Amino acid sequence: MVKVKDKANEYDASKIKVLGGIEAVRKRPAMYIGSTGKGGLHHLVYEVVDNSVDEALAGHCDTVEVIIHKDNTVTVSDNGRGIPFDIHKDTKRPAVEVVLTTLHAGGKFGDSVYKVSGGLHGVGVSCVNALSEWMYAEITREGKLYTQRYDRGKPAKEKIVKTSDKTTGTKIYFKPDKQIFTETVFDSHIIKHRLQELAFLNKGLRIKFNDEREKVTEEFKYDGGVVAYVAHLNEKKDALYKPPAHIQSEKENVFVEVSIQHAREYYDENILSFVNCIRTKEGGTHVAGFRTALTRAVNNYAKKNKLIKDNENLMGDDVREGIVAVINSRVPSPQFEGQTKTKLGNGEVKGIVDSIVMEGMSTYLDKNPASAKAIVEKANLAYRVRQAARKAQELERKKSALDTALLPGKLADCSETNAAKCELFLVEGDSAGGSAKQGRDRKFQAILPLKGKILNVEKARLDKILANNEIRTIITAIGPGVITGLKVESRDGEGEEMDTEELLKKLNYHKVVLMTDADVDGAHIRTLLLTFFYRYARQLVENGNVYIAQPPLYLVKKGKAQQYAYSEAELEKVLKKLGRDGSHIQRYKGLGEMNPEQLWDTTMNPLTRTLLQVTLDDAEGADEIFNILMGSDVEPRRNFIEQNANLVRRLDV
Ligand code: 0RA
């Protein structure tokens, strides 16, 4: 009698416990799955998929399939052993029912040591069940097909039939409960991204994805695992070495797998870390161990191979510049900390990862000297750039309004302080620069000689031009504040706009005069400077602050009389006036052929000179010209240079 009663009580008690668990989850869903919005909704899928991936990790399954049906219900299936459905001793219910209705029951049934504790994962498929309007479990194993339906977590009677199906596996089909979730439409990209990530982290596992709403099917399977992941992340980058480095080992039940590849012309650090397939966005002890070991391994190698001096040390930041790495780790009882519970807290893991990465990376470097050399060289360059940047920053702090550090004695400035009255002549070549310095009126005219070398950057991308020393010197002299549209992409005036008053305040000289030779080289330099102004200081042009000096082409002498000619037509006129016979014609090939007085008289003296004011009223036309300029076709560029006069209008000042 007593016995029977006891049994009945036992059964009731387990039932109450189950219902209690379901109610708890439905009462505070966010506590279990993070939110009842989009994030929580997608979490349901991850939770179910994780169980199948666990089965794969245990070596019993090679395919997982996820289907999003038209009505936003989801099927997750695998070809594992199938969740056991024999009667569970304590509860007298099929094991699978216990798994699907008891909070945290999952761990007892799995044989993976890498079960997740804390974080949002690992709450168990029973939570998904509790938060689903309905769920079906379909299990094939031992020649039987087991099916069971659940309504908001409450089990209906199970059905077991014989089957000739020799394959085994688990299929979970569920519908997220509209009573719980504010969002019940799945985002294909989010699901796909997670599935792909899981496929990378579990090499060889085939993960199929089928979005029946969009008729999209995908299959992810990567035999290379994290190495394939890194290669994928670097797909569009210029890898410093190929294939990515790979390190893998296990110590004290902690499994660590790392892949590393640096990319050229890439300066960020992109380290993706995972613990038991959970992305640890906030990093933690595994990432800390990885970082210190990597820095140490690279420094050791560099010193051993005399690639850096004994007293030098590459910093972690240098070694990681341009790095893409994936850290895949499995930790038996992970502790997650941090704001979003995505930071690994287990102290012991740091040393384990450190020693595995130190050993693995040292071996890799020794075995791959070409990659090792490239890594050290890149880090070394980063190191030197960092040093230089630090120095530049110090200078920055010391400098006055005009950055004299960038103008190492090149600029011959004027004495006038009112920028409205000041003129800056950008002069081609040192000899012409010298004449200009002597010939100018030093009260209001400043001279900045330019090297012909500036030509070499003509074909370079404009953003590279910005790094050119000559250009930087020009910017510093004119007034750094006038540079706005710093993006090459900002073709439709995306750059910041300032009003005229603001612009003029930032200008050190209201007239910027380009004074170049009347030959092809001169035209090249002028074109380049115009290009530069158009792109980076367009307002300067629009506001009419840019001018082109007009040196004469000829000097005609006859007896004591002499006259300059600025064009072929003018030469004809002068010859007519002075008389052709006995006239001596001097052709100026460059500014340098004129002495200082001549330069002043003909080109710089406001009373006698002619300046062309550069205008850009047709921005679209200019844009086209820029494309021609930036292209490498010689013909269109020459045409542009010949038609350059279209850009400017004659103006007597
Ligand atoms: C515990 C034991 C066994 C299988 C599983 C768990 C299992 C769980 C899930 C969850 C999703 N798919 C799954 N597949 C299997 C089997 C133990 C045995 O057969 O000896």
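Quantities reported herein were computed from a predicted structural model and do not represent experimental measurements.

Conventions and cut-offs
- Residues numbered from 1 in each chain as written.
- Predicted model: local features only at pLDDT ≥ 70, side-chain atom pairs only at ≥ 80, totals over all residues.
- Heavy atoms only, no water.
- Helix = DSSP H or I, 4+ residues; strand = E, 2+ residues; numbered from the N terminus.
- Buried < 20%, exposed > 50% of the residue type's maximum accessible area, 1.4 Å probe, protein only.
- Contact = heavy atoms within 4.5 Å.
- Areas by Shrake-Rupley, 256 points an atom, 1.4 Å probe, with all protein chains shown as cover.
- Expected span 1.5 Å × (residues − 1).
- Salt bridge = Lys/Arg side-chain N within 4 Å of Asp/Glu carboxyl O.
- Axes fitted to C-alpha atoms, helices over the stretch in contact; angles between N-to-C directions.
- Parallel < 35°, antiparallel > 145°, perpendicular 65-115°, else oblique.
- Nonpolar A, V, L, I, M, F, W, Y, C, P; charged D, E, K, R; others polar.
- Pairing = 2+ DSSP bridges.

What follows deals with the overall build of the protein. Counting its regular elements, the protein contains 22 helices and 26 strands. The buried share of the protein, taken over its 653 residues, is 50%. Considering only contacts in the protein between residues 6 or more positions apart, those separated by 24 or more positions represent 70%. When the accessible area of the protein is evaluated, it comes to approximately 32,300 Å², of which 50% is carbon and sulfur surface.

This paragraph deals with helix H3 (residues 38-57). The terminal C-alpha atoms of H3 lie 28 Å apart, and with 20 residues this matches the ideal 28 Å at 1.5 Å per residue to within 8%. Of all 20 residues making up H3, 16 are buried, and the element is well covered by its neighbours. Backbone geometry just after H3 places Gly59 at a positive phi near 90°.

As a further point, take unusual backbone geometry. A cis geometry characterises the amide bond from Lys242 onward to Pro243, with omega recorded as -10°. By secondary structure assignment, the location of Pro243 is in the loop between strand E10 (238-239) and strand E11 (245-251). The residue Asn253 is not glycine, and still its phi comes out positive at about 70°. Structurally, Asn253 is set in the loop between E11 and strand E12 (254-264). Judged by its relative accessible area of 47%, Asn253 is partly exposed.

With that settled, the discussion passes to the pattern of salt bridges. Applying the stated criterion to the full structure yields 30 salt bridges. Between Asp187 and Lys38 there is a salt bridge, and its shortest N-O distance comes to 3.6 Å. Remark: Lys38 occurs in helix H3 and Asp187 occurs in the loop between strand E7 (169-176) and helix H7 (188-201); sequence separation between them is 149 residues. Salt bridges sharing common partners tie together Arg93, Glu97, Lys157 and Glu158.

The next point concerns the packing of H7 against helix H8 (residues 226-233). The geometry of H7 relative to H8 is characterised by a closest axis approach of 7 Å and an angle of 130° between their N-to-C directions. Our classification of the angle between H7 and H8 gives oblique. Across the interface between the two elements, Gln196, Glu197, Phe200 and Leu201 from H7 touch Val226, Ala228, Tyr229 and His232 from H8. Of the residues contributing to the contact of H7 with H8, the split by class is five nonpolar, two polar and one charged.

This part is about the sheet that holds strand E22 (residues 554-558). In spatial order, the strands read E23-E22-E24; together these three strands make up an open sheet with antiparallel pairing. Of all the strands in the sheet, the pair left with one neighbour each is strand E23 (561-565) and strand E24 (584-587). Taking each pair of neighbouring strands and ignoring which way they run, the sheet shows an average axis angle of 20°.

Quick look at the pairing of strand E8 (residues 206-211) now. Examined bridge by bridge, strand E1 (residues 63-68) and E8 share six bridges and lie parallel to one another. Note that in E8 the partner of Thr63 across the bridge is Arg206. Taken together, the five bridges between E8 and strand E9 (residues 216-220) define a ladder with antiparallel strand orientation. Along E9, the bridge assignment pairs Asn210 with Thr217. Counted along the chain from E8 to the antiparallel partner E9, the turn is four residues long, and its residue Lys215 has a positive phi close to 55°.

The quantities given are spatial measurements derived from coordinates; they are silent on function.
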